[in-house]
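# Chains, contacts and geometry: an overview
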Amino acid sequence: MTKLMGIVSLILLSAVLGPIIITEHPWSQNARDFLLHNGYRDTGASNLVSAIYLGYRAYDTIGETIVLLAAVTGAVFLIKGFGSSHQAPVPSYKRGAIRTNIISMTTGKLAPVVMLFGWYVMFFGHQSPGGGFQGGVVLASGMLFIALGREHHKRDSQLTKKRLHRIEVLSLWLILLLVCIPLTLGAAILENPLTKIGDSIPRVIYIIGFNMAIGLKVGSGLSILGLLMMDMQHDD
Amino acid sequence: MMINRILLLCLFLLGFYGLMVLKNLVKKVFALSIQNSAVILLFIVEGSRIGDHAPILSEDQVRYVDPIPQALMLTAIVVGICVTALALALVYRLYQKYESLNVEEIQRKANNE
Amino acid sequence: MNSENLIVIQIVLPLSGAALCFVSKLLKSQTLQRLIDWFAAFLGLFVPLGLLFFLYPAVSQHPIQFYVGNQHPLIGIELRFDGVSGIELRFDGVSWLLNVMGFITAATSWLYSRTAGPHTPEFSALFLIQTFALTATASSADLFNLFVCFEILGIASYALTAFSGKGRAFMAAFSYMAVSSTAMAIFLIGVFGIYRITGALSYDGIARYITRITTEAQIVGLGLSLVCIVIATAVRVAILPVYGWLPEAHATAPHAISAVLSGVLIKVPLFALGRFLFLLMSNVSAIDIVFKEILDVLKLSGTLTALVAVIFALSQRDVKRLLAYHSISQIGYVVSAWAIASPMAIAAAWMHAFYHALFKGLLFLSVGTVIDASGSKDVYTIRGAYKVGLIPTIAFFVGALSISAFPPFNGFASKAAIFYLHKGSWEYIILSIASVGTIASMIKLSRMFIPEGKSAKARPEYNPNILVLKPVTGFWLKVSLVIFALACVMGGLFSKEMGRLAGLLVGTETNPVPTHLFTLNSIKGTLSLLAQGVLLYLFVISLPGKYITHKIETRQPSFAGLLFAFSLGIGLLGTLVLLRH
């Protein structure tokens, strides 16, 4: 019965989505040409994608950061929040079984490389493929590598979940500050404030600031989520 | 190329079918993720038809692809991750509460509460 | 500080409130936490109401339209590539009205949650993020920005629904999330279709392109993309056939969240879509006929929803699910008015949406108080709920009388406005039958409040523990109930002024509220509806009525059924577009 409903809905959906997706239509080149001529001059970023989502369409990027904030808050609260009395105790054979010696050694040794790569992707997002989100995700995976490798190194990272949460809140305030600072310098909200100062400071610093703030926020948020999902003991 | 678009439509329909028909909650989350990936790939594949280089300015005169779909899809990918994270947290709590991952069993138990 | 900056500040204020809530989570001392929470809510929910007052003179003259993030404000109109050079925001009268509705409902529900609901800072933070998404949606004029705002709204509401901690709430949140994410994926395919054909993402750019369409293939492509966008929004608005996720989600959420979900979250996407459709319709083009067909289908769907949902509501045992089905029915009224697409119709639709937010909030909060005090949700077993307190009882009756459209309360005026729009057509008949059903189900609900009698004690479901109801204390609970009740009464007394304000802001001279409101005819009409409602209620509690309602109630929508209904909806609209061309 469910399968029959499934097949009928597939037929209906392909009838509606087919003409949209499959038909041939030339893709307009106006946007690409506009950005080719103005993107570097307006924002200072040679990565045109960064020029768009941190320069022209920065409002959408703020919205996307808030989506991540809401999802991480909701997921962390759901996993942790309803009191530890509901949890079944984790059997002891499960605690060590997922991390063999191979995993803990390789991840423990690779972790610094991954973290460095994450910082690079975050800082150089305006010149090479990358940016705040990508760098933040790589940083979060670096934190998870550290956590996976702690049995080999017999040492845990100094960044506990509480400290990561503090970094997350700080970077949220940094983002809000970057959004509102143009007001103090006489520009509109989210407009690059360095345009009002003149050409002495390169404009691209606004984008680099955004990249850093977003990268820290995404990295810390996803690290908290990952660490929480990894440990089965919700202690703090 | 038309074959790309047909395949992406099939991928989307596969995700929708999986979300509807499969009974295991984790498999439903997979299907949701497949759906999102199909739409994201559609934007990027279509936007790359007008050029053959990544849109990073360099000195030579080359034809770049359209950067707008890529910027839009960054947002869409992040939203997809958020939905997956929240869905998995909900599946975890449902498993803790009802000891099962089968959606019909969970609905039956929930209605009898 | 010019009005553009004021608008963006008003959007960003709830966000800074949420950031303050996160700061409060880090602190150790309870009193400081609570203080910062209160300050954050003041900043995010009450200050924007004040800002809205300042914005009223500017927005009542003409809509304020600007581009956020425009790096190059000197670019002339010809060179501006819409959606590329900045995100268009359009703050017009409808945005102002939606913001007023959203902030008043959200602020009062938050006050209720200070006593009854979740007290954690995460709750306040997510609540403020949801409010941020509501204001952002109300002024958005860019298609992809609309997508992002819908997603923020969605994620905040899935997480908040699951805050009550019950297993049913988790399953409801999961179903809601699955259906809504699928709808958003189809929304994205619609955006793909539109961007591919028009090359623009902002409403202005798309509108400018539409005047130049000529070929049949473009019309079909644009029409189908519009169908995708409309059906995705329809899932959030919960009309036939895609309303299946709403009853469980609104019934199992915490009470303050149910009030905001029913009051605001199902209406703002409708009016945001309206801004898109009506702006495109005003440029005369070859595609107008597709718009008219889609709006006709929506009107049909809204009218039928009003009736079908009331039938379901009459059959429910669970109190909150009954109220949730009522929300679906009332949003059917709003959609059937909105789909007429004239400015007077939009003003009437907004009035009913606003008044519905007020009295549905009142109903959810007062009924929620009774549920919390008695521990049961069954409408057949709770009796003597007047013991909970004077204020919740009066609040409940004010809400029930408002929703049944009795004269001095606000529901009377807004329903009269909607009936006036449909005068003389078949929709009038169906909406009247739905009103009868509303009165009958309110009588069913109000039985909870009467004292228990001997026959109640003889029934098998009689549980003596439930009837031990203590009066409820809680200052903020009572304050929030009083605010909503006062708003209902004043909305009713000043309905003509409200109608004129709404009409002015939407752009029409005529007052949607009919001039002869309190005439003998209308009083007679209300009394006859009341009589029919009593008859219907007596039928429902009789034996054949009980059999029918039991059969209806035990039919739950399965998970696959939700998605099947969604594909039926999109197939219907899509074949309509395909067959005409």
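Residues numbered from 1 in each chain as written. Chains lettered and ligands numbered in written order. Predicted model: local features only at pLDDT ≥ 70, side-chain atom pairs only at ≥ 80, totals over all residues. Heavy atoms only, no water.

### Looking at the overall build of chain A
Broken down by element type, chain A carries 11 helices and 0 strands. In chain A, the succession of α and β elements from N to C terminus is α-α-α-α-α-α-α-α-α-α-α. Across chain A, the fraction of contacts at a sequence separation of at least 24, relative to all contacts at a separation of at least 6, is 72%. Of the roughly 10500 Å² that chain A leaves accessible, carbon and sulfur atoms contribute 68%. (Helix = DSSP H or I, 4+ residues; strand = E, 2+ residues; numbered from the N terminus. Contact = heavy atoms within 4.5 Å. Areas by Shrake-Rupley, 256 points an atom, 1.4 Å probe, with all protein chains shown as cover.)

### Digging into the overall build of chain B
The secondary structure content of chain B amounts to 4 helices and 0 strands. When its helices and strands are written in sequence order, chain B yields α-α-α-α. Expected size for 113 residues packed as a compact globule is a radius of gyration near 13 Å; at 19 Å, chain B overshoots this value by more than 25%. Every one of the 113 residues in chain B was classed for burial, and the buried ones make up 52%. Considering only contacts in chain B between residues 6 or more positions apart, those separated by 24 or more positions represent 43%. With 10 positive and 9 negative side-chain charges, chain B shows a spacing of 13 Å between the two charge centroids. (Rg over C-alpha atoms; globule rule 2.2 N^0.38 Å. Buried < 20%, exposed > 50% of the residue type's maximum accessible area, 1.4 Å probe, protein only. Lys, Arg positive; Asp, Glu negative; His and termini not counted. Charge placed at Lys NZ, Arg CZ, Asp CG, Glu CD.)

### A short note on the interface of chain B and chain A
Taken together, the contact between chain B and chain A spans 43 residues of the former and 51 residues of the latter. Counting across the interface, chain B meets chain A through 2 salt bridges. Taking the shortest distance from any N to any O, the salt bridge between Glu24(A) and Arg5(B) comes out at 3.1 Å. At the boundary of chain B with chain A, the tally comes to 13 residue pairs in polar contact (both at pLDDT 80 or more). Among the secondary structure elements, those contributing two or more residues to the side of chain B that touches chain A are helix 1 (2–21), helix 2 (25–47) and helix 3 (67–98) of chain B. Among the elements that line the side of chain B that touches chain A, the one with the most residues is helix 3 of chain B, at 19 residues. (Salt bridge = Lys/Arg side-chain N within 4 Å of Asp/Glu carboxyl O. Polar contact = N/O pair within 3.5 Å; in protein donor to acceptor, adjacent residues only side chain to side chain.)

### Regarding the interface of chain A and chain C
If you look at the interface, chain A gives 54 residues, while chain C gives 69 residues. Summed over both sides, the interface of chain A with chain C buries roughly 5500 Å², with 78% coming from carbon and sulfur. On the chain A side of the contact with chain C, Ile20(A), Arg57(A) and Tyr59(A) bury the most area, a combined 13% of that side's loss. At the junction of chain A and chain C, the tally comes to 1 salt bridge. Summed over the shared surface of chain A and chain C, the result is 3 residue pairs in polar contact (both at pLDDT 80 or more). Mapped by element, the contributors of at least two residues to the side of chain A that touches chain C are helix 1 (2–22), helix 2 (30–43), helix 3 (48–56), helix 4 (58–80) and helix 9 (161–184) of chain A. For the side of chain A that touches chain C, the element with the most residues is helix 4 of chain A, which contributes 14 residues. (Buried area = accessible area lost by both parts, 1.4 Å probe.)

### Quick word on a nonpolar patch on the surface
Residue and element names in this part refer to chain A. A grouping of Leu174, Leu177, Ile181, Leu185, Ile197, Ile201 and Ile205 is seen on the molecular surface, where their side chains present a nonpolar patch of about 550 Å² in accessible area. The element that contributes the greatest number of residues to the nonpolar patch is helix 9, accounting for 3 residues. Inspection of the secondary structure assignment puts Leu174 in helix 9. Classification of Leu174 as partly exposed rests on a relative accessible area of 34%. (Patch = residues over 30% accessible without salt bridge, like charges linked within 9 Å, V, L, I, M, F, W, Y side chains within 5 Å.)

### Some points on unusual backbone geometry
It is generally the case that most residues other than glycine have a negative phi and that most peptide bonds are trans. All names here are of chain C. For the peptide bond that leads from Leu240 to Pro241, omega is -10 degrees, which places it in the cis range. Along the chain, the position of Pro241 falls in the loop between helix 8 (216–237) and helix 9 (246–252). Located in the positive-phi region is Ala238, a residue other than glycine, with phi close to 65 degrees. Following the sequence through the fold, Ala238 ends up in the loop between helix 8 and helix 9. One non-glycine residue with positive phi stands out, namely Ala405, at about 65 degrees. If you trace the backbone, Ala405 turns up in the loop between helix 15 (390–403) and helix 16 (410–421).

### Some details on a positive patch on the surface
Together, Lys80(A), Lys162(A), Arg163(A), Arg166(A) and Lys28(C) make up a positively charged patch on the protein surface. If you tally residues by element for the positive patch, the top one is helix 9 of chain A, at 3 residues. Using a relative accessible area of 68% as the deciding quantity, one classes Lys28(C) as exposed.

### Comments concerning the packing of aromatic side chains
All names here are of chain C. Scanning all chains against the criterion turns up 29 aromatic pairs over all chains. Here the aromatic rings of Trp38 and Trp110 are separated by 5.0 Å at their centres, their planes lie at 85 degrees, and the arrangement is edge-to-face. Taken as a pair, Trp38 in helix 2 (residues 30–59) and Trp110 in helix 3 (residues 93–115) lie far apart in primary sequence, 72 residues in all. With a relative accessible area of 1%, Trp110 lands in the buried category. Aromatic side chains Phe419 and Tyr428 sit 5.3 Å apart centroid to centroid with 65 degrees between the ring planes, which places their arrangement in the edge-to-face category. (Phe/Tyr/Trp six-rings, centres within 6.5 Å; stacked < 30°, edge-to-face > 60°.)

### As for the nonpolar core
Core analysis: the largest hydrophobic core is formed by 317 residues, its most contacted members being Phe210(A), Phe271(C), Phe276(C) and Trp338(C). A total of 20 residues in this core trace back to one element, the largest contributor, which is helix 6 (residues 167–198) of chain C. In this view, Phe276(C) contacts Leu143(C), Ile194(C), Tyr203(C), Ile206(C), Leu226(C) and Ile229(C); residues no more than four positions away in its chain are not counted. (Core = buried A, V, L, I, M, F, W, Y, C linked by side-chain atoms within 4.5 Å.)

### Remarks on the packing of helix 4 (residues 121–138) of chain C against helix 11 (residues 268–282) of chain C
Residues and elements named next belong to chain C. Relative to each other, helix 4 and helix 11 sit at 20 degrees, their axes nearing to 9 Å. Considered as vectors, helix 4 and helix 11 are oriented roughly parallel to each other. Helix-helix and strand crossings are classified by hand; for helix 4 and helix 11 the assignment is left-handed. Between helix 4 and helix 11, the contacting residues are Leu134, Thr137 and Ala138 on the first element and Val268, Ala272 and Arg275 on the second. (Axes fitted to C-alpha atoms, helices over the stretch in contact; angles between N-to-C directions. Parallel < 35°, antiparallel > 145°, perpendicular 65-115°, else oblique. Left-handed = near helix turned anticlockwise from the far one by under 90°.)

### Observations regarding the pattern of salt bridges
Applying the stated criterion to the full structure yields 18 salt bridges over all chains. The salt bridge involving Arg57(A) is made with Asp60(A); its shortest N-O contact spans 2.9 Å. With a relative accessible area of 2%, Arg57(A) lands in the buried category. You can call Asp60(A) buried: its relative accessible area is 3%. The salt bridge partner of Asp92(C) is Arg90(C), with a shortest N-O separation of 3.8 Å. Taken as a pair, Asp92(C) and Arg90(C) share a single burial class, namely buried. Taken together, the salt bridges that share partners define one network made up of Glu24(A), Arg5(B), Glu46(B) and Arg49(B).

### Examining the confidence of the model for chain A
Summary statistics for chain A give a mean pLDDT of 83 and a share of 86% for residues scoring 70 or more. The least confident element of chain A, judged by mean pLDDT, is helix 5 (residues 92–97) of chain A at 49; the most confident is helix 4 of chain A at 92. (pLDDT = per-residue confidence, 0-100.)

### Overview of the packing of helix 10 (residues 255–265) of chain C against helix 14 (residues 343–374) of chain C
Each pair of packed helices gets described by two things: the angle between the helix axes and the distance between those axes. Residues and elements named next belong to chain C. Running from N to C, helix 10 and helix 14 point in directions that differ by 160 degrees, and their axes come no closer than 9 Å. One finds that helix 10 runs roughly antiparallel with respect to helix 14. The element helix 10 and its partner helix 14 pack so that their crossing is right-handed. Each of His255, Ala256, Ser258, Ala259, Ser262 and Gly263 in helix 10 lies in contact with helix 14, whose residues at this interface are His356, Ala357, Lys360, Gly361, Phe364, Leu365, Gly368 and Asp372. Taken together, the residues that form the contact of helix 10 with helix 14 break down as 5 nonpolar, 7 polar and 2 charged. (Nonpolar A, V, L, I, M, F, W, Y, C, P; charged D, E, K, R; others polar.)

### Some words on the confidence of the model for chain B
All names here are of chain B. On average, residues of chain B score 91 in pLDDT, and 100% of them are at 70 or above. Model confidence for chain B, summarised as mean pLDDT per element, is weakest for helix 4 (residues 103–111) at 87 and strongest for helix 2 at 94. Predicted complex, confidence summary: ipTM 0.96, pTM 0.93.

### So, helix 2 of chain C
A rise of 1.5 Å per residue sets the reference length of helix 2 of chain C, with its 30 residues, at 44 Å; its end C-alpha atoms lie 42 Å apart and thus fit the reference within 8%. Where helix 2 of chain C bends most, at Val47(C), the angle is about 35 degrees, and the proline Pro48(C) comes one to four residues later. (Expected span 1.5 Å × (residues − 1). Bend = angle between axes of the 7 residues up to and from the residue.)

### Some points on the pairing of strand 2 (residues 87–91) of chain C
In terms of burial, strand 2 of chain C is a largely internal element, 5 of the 5 residues being buried. The alternating pattern of strand 2 of chain C places Ile87(C), Leu89(C) and Phe91(C) and Glu88(C) and Arg90(C) on opposite faces, both of which are buried.

### Things to note about the side chain of Asp66(B)
Structurally, Asp66(B) is set in the loop between helix 2 and helix 3. There is a polar contact of 2.7 Å between the side chain of Asp66(B) and the side chain of Trp27(A). There is a polar contact of 3.3 Å between the side chain of Asp66(B) and the backbone nitrogen of Ile68(B). Ignoring anything within four residues of it in the chain, the contact list for Asp66(B) reads Trp27(A), Ser28(A), Ala31(A), Arg32(A), Gly47(B), Ile50(B) and Tyr195(C).

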